[in-house]
Amino acid sequence: MGTSLDIKIKRANKVYHAGPIQIINSTIEMVKPGKFPSGKTEIPFEFPLHVKGNKVLYETYHGVFVNIQYTLRCDMRRSLLAKDLTKTCEFIVHSAPQKGKLTPSPVDFTITPETLQNVKERALLPKFLIRGHLNSTNCVITQPLTGELVVESSEAAIKSIELQLVRVETCGCAEGYARDATEIQNIQIADGDVCRSLSVPIYMVFPRLFTCPTLETTNFKVEFEVNIVVLLHADHLITENFPLKLCRM
Amino acid sequence: MAVFPWHSRSRNYKAEFASCRLEAVPLEFGDYHPLKPITVTESKTKKVSRKGSTSSTSSSSSSSVLDPLSSVLDGTDPLSMFAATADPAATDSSRKRRDRDENSIVGSDFEPWANKRGEILARYTTTEKLSINLFMGSEKGKAGTVTSAMSEKVRTRLEELDDFEEGSQKELLNLTQQDYVNRIEELNQSLKDAWASDQKVKALKIVIQCSKLLSDTSVIQFYPSKFVLITDILDTFGKLVYERIFSMCVDNRSVLPDHFSPENVNDTAKETCLNWFFKIASIRELIPRFYVEASILKCNKFLSKTGISECLPRLTCMIRGIGDPLVSVYARAYLCRVGMEVAPHLKESLNKNFFDFLLTFKQIHGDTVQNQLVVQGVELPSYLPLYSPAMDWIFQCISYHAPEALLTEMMDRCKKLGNNALLLNSVMSAFRAEFIATRSMDFIGMIKECDESGFPKHLLFRSLGLNLALADPPEGDRLQILNEAWKVITKLKNPQDYINCAEVWVEYTCKHFTKREVNTVLADVIKHMTPDRAFEDSYPQLHSIIKKVIAHFHDFSVLFSVEKFLPFLDMFQKESVRVEVCKCIMEVFIKHQQEPTKDPVILNALLHVCKTMHDSVNALTLEDEKRMLAYLINGFIKMVSFGRDFEQQLSFYVEARSMFCNLEPVLVQLIHSVNRLAMETRKVMKGNHSRKTAAFVRACVAYCFITIPSLVGIFTRLNLYLHSGQVALANQCLSQADAFFKAAISLIPEVPKMINIDGKMRPSESFLLEFLCNFFSTLLIVPDHPEHGVLFLVRELLNVIQDYTWEDSSDDKIRIYTCVLHLLSAMSQENYLYHIDKVDSNDSLYGGDSKFLAENNKLCETVMAQILEHLKTLAKDEALKRQSSLGLSFFNSILAHGDLRNNRLNQLSVNLWHLAQRHGCADTRTMVKTLEYIKKRSKQPDMGHLTELALRLPLQTRT
C-alpha cells in the first residue's frame, strides 16, 4: 500500500482580502516531524497570502500570452527509505471588490453607411440608420452589459444583430509589443428582420471563465471590447466597436 | 324397497295465516315509532350580530328521535359562532392571505394549455415534407471576425464539450408530418434518458437544438403544431432542472416546503442553479437562448425573491429581437404560458407582451413576410389564422380575471390598427363571453368593416357565435344580431366555411328563438349542404347541429313540427352517422319525454328513427350496440300510449313487432307490453269481460303466443310462456293458458346443459330449478282440462323432468321432486292457498273428490319412491354429505306437508332423521333447532302427535 497525499480546497472561489503583495514561496509547516496514524489523516490549514512591497496580487487569469496562476504545493518529507511525496493544486484568486462607486459611462451611437470606416464602395451599401446606446462601458464584471438598439430604417432586410465580446492581450517582449484579440463570446440579440423603430435590448452576461477585470501593468495588458455586429441580407457586415473597462465591485 | 304412501296434512291456510301474524297495536300520537317520519318544524335563526348574540330555536315533533341535522342547529351553529367571535382585523389579514394564494395559483376557470394542445395539433397540419436540422456537435460555423487564437487549454476545453456526440450532426429531410412528430417524441425521450444517465450537457444540447427548430418557418402551416411539440420538450426540461435543484435542497433533516424562500436554499443548490443560468446566457442564438431560459424561469425562485419578476420583463423585451412576427408571437405565447404557471400575479409582463405585439403588428404586411408567403405559396387568409392559437392564448392570459377597463382598453387598441380582423378574432376567442355578448352589435359592426382579403370573415362570425352560445346579448339586440350574422353566413360560398359557422350559430338561434327561426336556419343549412352532396364532408357539424336543436326542444311535438327537421335528417346518408344521430334523438326523447304520447307526428317520426336504428343491425353488430339500440327502442315503445283506445294500442304493437323483429329485447318488451295491455283491459272491465273485450284479450294472448317462438333465449321463452299463461289465465282464457303451459313443458327438454350468460358459459340447472318452482306455483291453480286426465299438466311435466338428462353430481332433480311433493300436497287441500278471480281451480272443480285425491296420492308415492331411490344411491363415501342434507330436507318436507299421524310416514321421517345423522355429516345446530321447532309445534292444537315423534328423534352427540 502506497501512501498518497491529497489537497482539497473547500471553496475554490474564496476571496482573499489582500492589498498589494509580493508573490513568493511562502511556506508554512503544517505538521511537526512525527508519525501519522495509519489510515486517512486530514490536516486543516489556512494561511494568508502575504503582501510585500508594491506588487499587486492579480486575479487568476488564463489567457493566450498572459497567465496568472496560483498554485499550492504540499511536500511531505519522509524517512530515508521512503520517497518524499509532493502534490500541487491550483487555486483561484479574485481580487477584493473595489471600494466606491463605478462611474457609469454611457455611450450613444448611430450607425449609418456614412459613419463606417473601411468601406470599399460606399455607394453599393444599402441605406440604413441604426441608433442605440450602451448604458455604460465601465462594467462590473458580475453585472450584464446593457443597452438598447433601434433600427430606425434599413433598405436591406436584417439577418442578425450580434454582440461580440473580444479580449485583447498585449504584452511587451524583446521584439516589441505582441497583441492578440480573441472572441470570447458571441450573443445574438436580434434574429431576422426586426421591427423598425422598436428598441431591441442589448444584454450580455460576462462569461465567468474568460473574463477578468481589465488589467494594465508595466509588462502586459488584458483589455476587453464589445463589437455590435449587424448582418444585412446580401451579406453586408457592419461592425461597431466599443472598448470596455471591466472591474469587480 | 317398500312403497310409502303419502298423506297430506290438511291445512287451514286462513287460520295459519292469522296465527302467524303479528298483533297490531294502535299507535298514539307522539308515541315512538321508527318509521314515523321525522318532521322538523321551522328552525328560526336570528341574524347573527357582530357582538355575538346568537339565538336559534329548533324543535322536532318526534321527541324521542333527534334529527342529527337539526340537533346541530340546537344552540349556536359553529359557523355563525366563528363569525361572531372572529376579530375583524384577523379576518382581514386572513382574507389578504387567501387573496394572495389565489393570485399565485391559477384557478380552475382558467382553461389550461393542455386543452389547447390537441386542438392545435389537429388543426395545423401539412402534407408537405419537413426537415429537422440538428447540430449536436459544436457551432463550427461561428461567425468570427477576429482571428481565433485561443489558448490550447481553452480550446481543448471547448472541444471537450463539442466532442460530446460528435458526428451526430444531422439533417433529416423529407419527413412526413408523422415522421416529424415521431422524431420530436424521440428527442423528448432522449432528453429524459440523457438526464436520467446524468448527461446534463447532452440534455441541454438537445433542448437548444430543439428550440432552434422554432426559428425555422419553412412549411409555415405547420408552425403552430411544431411549437406545441417543441414546447412540450421545453416543459419537460424545465421540470427536470427544477426538480433536480429542488432535490439538492433536501438534506437529511428537512424537505424544502413548497413555498420556500431563497434563504432556505443551500449554497450547492444555488451554485448549480446559477451555473444553469450562466450556461444558458452564453447560448449564441437568440431564439434558443430565449426559450431555454424561459423554460427554467421557475428556477429563479432558488436564487432570489425578485428573480422571476425581474426576469419576465427582460425576456419580454428580448422577444423584440425576433424579426419574424409569427415566431415572435409564439415566443410571447410561450412566455405568457410559463409566466401564468410560475407567477400568474405578474400581469404587467402579460400586458407588455400584448402591447409589444401590437407594435410589431404592422410587420405582418411588411415586405419580408409577404416575400416569404410568396415563396411558400401561402395566401394571406390561410397565413393569418396561424397567429390565432398564440394570440388567443396571450389574450386569454391577459383577460383572465382582468378588470373591464383593461379589456376595453385592449379592444380600443385593437380597433385602431388597420386590418384588425386577426386581433378581433382573438379578442372574441379569449375574452369573457359576457363581455363580448353585451357588445355583440359593436362586434358585428367591426367584423363588417374588416378587409375582405385578410383574415377570413367566417372565422370571425364563428368566434362571435361561440361567445353568444355561452352568454346572452341584451334582449333588444337579439333578433338583429341573428339577422346581421345570418345575412353574412348565408352568403358563404364554401360549404365547409359555411357549416363551421352555421353550426355555432344554431345554438344561439335555438336558445333565444322559436321553432320558426330554427326552421329557417335548418332550411338554409339544407340549401347550402345539398348541392354536390356537400353534407358528406360535414357529418360531424351536421350531427352537432342536431344535438343542439334537440337539446333545446325537449317537447318532441314541437320539434317534429319544425318542418325542416326530418328533411335535415335525410342529409345523414351514411348509415353509421345516421344511426348515431338517431341514437342521440332517442336518448333525448327518453330523457325528457315525461308523459306517454299518442301524437301521430311524434309516433311517425320516431318510428322512422327507430326503424333506422333497427335496420342497421346486421350479423356484425356488436352485442353492446344491439343492447343499446334495443334499450332506446324499448324506451320509445314504453312511452307510446293511446289511452283507452286499446285496439289502437295493440295494432301499434303489431306494427312495432313487424318493424323491430331483429332485436330480441324489443320483442320481449312488446310481449310484456301486450300482456300489460290485456291486464289493463281486465282492470277496466273489473274482471268481467264483455264479448268484445274477451275477443280483444284473446287477440293479445294470440299475439304473445305467436311471438314467443321467434325468440332465441330459451329461458326468455320459458319465462314468457309462463308469464303469458298467467295473463291468459287471469283473463279467463283457459285453453290459451293451457297452450302456453304445454308449450313451456315441451320446451324444457331443449334446455341445454350450459347457457351463455353475459358472455360466459354457465350450467343451466339452477335456472331451470328456479323456473320450475315458479311454474309449480302457477300449476296449483290451473284447472284440469275436462277432456284430459286428472292433473295432466303435472303429469306431463313430471315425464319431462324424468326424461331430462340431469347432471350426475347434482341433486336438482330431487329438489324438484320435493317441490312437486309440496305442490301435490297443496293440491290435495280442500281450499287452495290462492285463486284467480273468476277461475275455478281444481279444488272447486273436484270438490275434494276421493278419486282425485287418490290420483294425487298415487303421484305422490311415485315421486317419493324416486326420492328415496336417489337417497339410496348416495350411500357412497363422497356423497354422504349430500345424502345427509337431502335426507334432512326431505324430512322437513314431510314435517311441513305430510300427515305424521300416519304411522308409515311417521316411521319414514324417523328413518330420515337417522339417515341425516348417520355419518356425522349433519350440522348439530341445525338438528337441535329442528328438534326445538318440532317440540314447539307439538304444543299447537291438533299437533300433539309431534310430541311422541320428538321423543323418537335422538340427537347425536359428536365425539
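Scroll up to find the structure.
None of these values were measured; they are calculated from a predicted model.

All names here are of chain B. Mapped onto the elements of the fold, Glu-348 is located in helix H15 (residues 347–360). We classify Glu-348 as exposed; its relative accessible area is 60%. Note: C-alpha distance between Glu-348 and Ile-398 (50 residues apart in sequence) is 9.1 Å.

All names here are of chain A. Taken together, the four strands give an open sheet; going across it, the order is S5-S6-S8-S11, and neighbouring strands pair in antiparallel fashion. Lying at the two open borders of the sheet, with one neighbouring strand each, are strand S5 (107–111) and strand S11 (199–204). Each neighbouring strand pair of the sheet contributes to a mean axis angle of 20 degrees, computed without reference to strand direction. Here S5 runs beside strand S6 (residues 128–134); their pairing, made up of five bridges, is antiparallel.

What follows concerns the pattern of salt bridges. Residue and element names in this part refer to chain B. Counting across every chain of the model gives 38 salt bridges over all chains. Put simply, Lys-511 and Asp-472 hold a salt bridge, and the shortest N to O gap is 3.3 Å. Of this pair, Lys-511 sits in helix H25 (residues 495–512) while Asp-472 sits in the loop between helix H23 (457–470) and helix H24 (478–489), and the two are 39 residues apart along the sequence. In this structure Lys-511 comes out as partly exposed when scored by relative accessible area, which is 32%. Asp-899 is the partner of Arg-901 in a salt bridge, and the nearest nitrogen-oxygen pair spans 3.3 Å. Residue classification places Asp-899 among the buried positions, given a relative accessible area of 17%. Residues joined in a network through salt bridges with shared partners are Arg-320, Arg-332, Lys-352 and Asp-356.

All names here are of chain B. One can describe the packing of helix H34 (residues 664–684) onto helix H36 (residues 714–730) by two numbers: an axis separation of 10 Å at closest approach and a directional angle of 10 degrees. In this view, H34 runs roughly parallel relative to H36, as classed from their interaxial angle. For H34 against H36, the interelement crossing comes out left-handed. Packed against H34, whose contacting residues are Glu-664, Val-668, Ile-671, His-672, Asn-675, Ala-678, Met-679 and Arg-682, the element H36 presents Thr-716, Leu-720, His-723, Ser-724, Val-727 and Ala-730 at the interface. Residue composition of the contact of H34 with H36, by class: seven nonpolar, five polar and two charged.

The subject of this paragraph is the pairing of strand S14 (residues 236–247) of chain A. Residue and element names in this part refer to chain A. Two strands pair when backbone bridges link them, and strand S7 (residues 138–140) and S14 are joined in this way by three bridges, in the parallel orientation. Directly across from Asn-138, in S14, lies its bridge partner Lys-245. Two strands pair when backbone bridges link them, and strand S13 (residues 220–232) and S14 are joined in this way by nine bridges, in the antiparallel orientation. Its bridge partner being in S14, Val-226 is matched across the sheet by Phe-242. Here S13 folds back onto S14 in antiparallel fashion, the turn holding three residues, of which Ala-234 has a positive phi close to 70 degrees.

This brings us to a nonpolar patch on the surface. Residue and element names in this part refer to chain A. Where nonpolar side chains cluster on the molecular surface, the patch consists of Val-31, Phe-36 and Ile-43 and spans about 220 Å² of accessible area. Positionally, Phe-36 belongs in the segment before strand S1 (61–62). For Phe-36, a relative accessible area of 40% translates into the label partly exposed.

All names here are of chain B. Mapped onto the elements of the fold, Cys-610 is located in helix H31 (residues 600–615). With relative accessibility at 0%, the residue Cys-610 sits in the buried group. Once the C-alpha coordinates of Cys-610 and Val-579 are considered, the two residues, 31 residues apart in sequence, prove to be 9.0 Å apart. Ignoring sequence-local partners within four residues, the contact set of Cys-610 consists of Met-586, Ile-633, Phe-636 and Phe-660.

All names here are of chain B. Considering all chains together, one arrives at 41 aromatic pairs over all chains under this definition. Seen from their ring centres, Trp-195 and Trp-276 are 5.8 Å apart, and the 20 degrees between their planes marks the pair as stacked. Note that Trp-195 is positioned in helix H7 (residues 177–196) and Trp-276 in helix H10 (residues 267–281), a separation of 81 residues in sequence. Comparing Trp-195 with Trp-276, the two get one shared label, buried. An aromatic cluster is present here, built from Phe-556, Phe-560, Phe-565, Phe-589, Phe-636, Phe-642, Phe-652 and Tyr-653 joined pairwise through their rings. One cation-aromatic arrangement involves Lys-200 over Trp-195; the distance from NZ or CZ to the ring centre is 4.9 Å.

Cut-offs used in this document
Residues numbered from 1 in each chain as written. Chains lettered and ligands numbered in written order. Predicted model: local features only at pLDDT ≥ 70, side-chain atom pairs only at ≥ 80, totals over all residues. Heavy atoms only, no water. Helix = DSSP H or I, 4+ residues; strand = E, 2+ residues; numbered from the N terminus. Buried < 20%, exposed > 50% of the residue type's maximum accessible area, 1.4 Å probe, protein only. Pairing = 2+ DSSP bridges. Axes fitted to C-alpha atoms, helices over the stretch in contact; angles between N-to-C directions. Salt bridge = Lys/Arg side-chain N within 4 Å of Asp/Glu carboxyl O. Parallel < 35°, antiparallel > 145°, perpendicular 65-115°, else oblique. Left-handed = near helix turned anticlockwise from the far one by under 90°. Contact = heavy atoms within 4.5 Å. Nonpolar A, V, L, I, M, F, W, Y, C, P; charged D, E, K, R; others polar. Patch = residues over 30% accessible without salt bridge, like charges linked within 9 Å, V, L, I, M, F, W, Y side chains within 5 Å. Areas by Shrake-Rupley, 256 points an atom, 1.4 Å probe, with all protein chains shown as cover. Phe/Tyr/Trp six-rings, centres within 6.5 Å; stacked < 30°, edge-to-face > 60°. Lys NZ or Arg CZ within 6 Å of the ring centre and 35° of its normal.

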